[in-house]
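Now for the letters of each chain:
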Amino acid sequence: MTVMVLQPFHLTFMLLAALLLVSAAYFDARSFRIPNWVWMGLLALFPLYVLSAQQEIEWLHHVGVFAVVLGIGFILFAGNFAGAGDVKMLAAIALWAGPNFIGVLLVITAFAGGLLALGYATAAYVRLRVQPQLAPTEGMMQVLGKTAIPYGVAIACGGLTSLGMMAAALF
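This text gives an overview of the structure that appears in the document. The model shown is predicted, which means the values in this text are computed figures rather than measured ones. (Residues numbered from 1 in each chain as written. Predicted model: local features only at pLDDT ≥ 70, side-chain atom pairs only at ≥ 80, totals over all residues. Heavy atoms only, no water.)

1. Some points on the overall build of the chain
For step 1, the next point in the chain: Regarding its fold elements, the chain presents six helices and zero strands.
For step 2, the next point in the chain: Of the regular secondary structure in the chain, the N- to C-terminal order runs α-α-α-α-α-α.
For step 3, the next point in the chain: Scored against the burial criterion, the 171 residues of the chain give a buried share of 37%.
For step 4, the next point in the chain: Of all intrachain contacts in the chain linking residues separated by at least 6 positions in sequence, the fraction that spans at least 24 positions is 75%. (Helix = DSSP H or I, 4+ residues; strand = E, 2+ residues; numbered from the N terminus. Buried < 20%, exposed > 50% of the residue type's maximum accessible area, 1.4 Å probe, protein only. Contact = heavy atoms within 4.5 Å.)

2. Let's talk about a nonpolar patch on the surface
For step 1, the next point in the chain: Together, Val68, Ile72, Leu76 and Phe81 give the surface a local cluster of nonpolar side chains, amounting to about 430 Å² of exposed area.
For step 2, the next point in the chain: Checked against the element boundaries, Phe81 lands in the loop between helix H3 (59-78) and helix H4 (84-130).
For step 3, the next point in the chain: Phe81 sits in the exposed class, given a relative accessible area of 69%. (Patch = residues over 30% accessible without salt bridge, like charges linked within 9 Å, V, L, I, M, F, W, Y side chains within 5 Å. Areas by Shrake-Rupley, 256 points an atom, 1.4 Å probe, with all protein chains shown as cover. Salt bridge = Lys/Arg side-chain N within 4 Å of Asp/Glu carboxyl O.)

3. Focus: the side chain of Asp86
For step 1, the next point in the chain: In this structure, Asp86 sits in helix H4.
For step 2, the next point in the chain: Buried Asp86, no salt bridge; nearest opposite-charge side chain is Arg33, N-O distance 9.6 Å.
For step 3, the next point in the chain: Setting aside its immediate chain neighbours within four residues, Asp86 contacts Asp28, Ile34, Tyr151, Gly152 and Ile155. (Lys, Arg positive; Asp, Glu negative; His and termini not counted.)

4. Quick word on the packing of aromatic side chains
For step 1, the next point in the chain: Considering all chains together, one arrives at five aromatic pairs under this definition.
For step 2, the next point in the chain: Their ring planes at 35° and their centres at 5.9 Å tell us that Phe46 and Tyr49 sit as a pair that is tilted. Of the two residues, Phe46 and Tyr49 both sit in helix H2 (residues 36-51), three residues apart, roughly one turn of that helix.
For step 3, the next point in the chain: Tyr49 gets classed as buried once you look at its relative accessible area, which sits at 7%.
For step 4, the next point in the chain: Ring geometry for Tyr49 and Trp96: centres 4.7 Å apart, planes at 40°, overall tilted. Of this pair, Tyr49 sits in helix H2 while Trp96 sits in helix H4, and the two are 47 residues apart along the sequence. For the pair Tyr49 and Trp96, one class covers both residues: buried.
For step 5, the next point in the chain: The rings of Tyr26, Phe27 and Trp37 are connected pair by pair, giving a single aromatic cluster. (Phe/Tyr/Trp six-rings, centres within 6.5 Å; stacked < 30°, edge-to-face > 60°.)

Put into structure tokens, the structure is as follows:
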């Protein structure tokens, strides 16, 4: 197997993208916010990733996936179903995943998000059972339904899985 000189740079850009995903998860878990520099960093690294690739990457297909995810995310944000940071983060990592790994990204993100939601709902339920005075008169389920979830953590799980599979495909 011939290894081109650019491949270490290619893997370095993937590692930097992974670090940005970990940063997104950290900030979202701590403050329920994903800083703009995180998703912007992913967007800025992508052309370097493409240019340093050993084989040609159909970057226009990746841009198409990005546009579709961003468009659907905008609709979800407008309907108050998703946060703006989550939409931007998912679209940015969808750019990397492209058509080959978008399924992996979305399935792992959904699965991790479901586990995260279950964990947060369980914690809220236990907290309300231990301190019943916190439960509003309209019922406990309303409080559980309004529990904020740092979905950037789930997006990071899906993104890291996708990046791992992309890296494994190189070898």
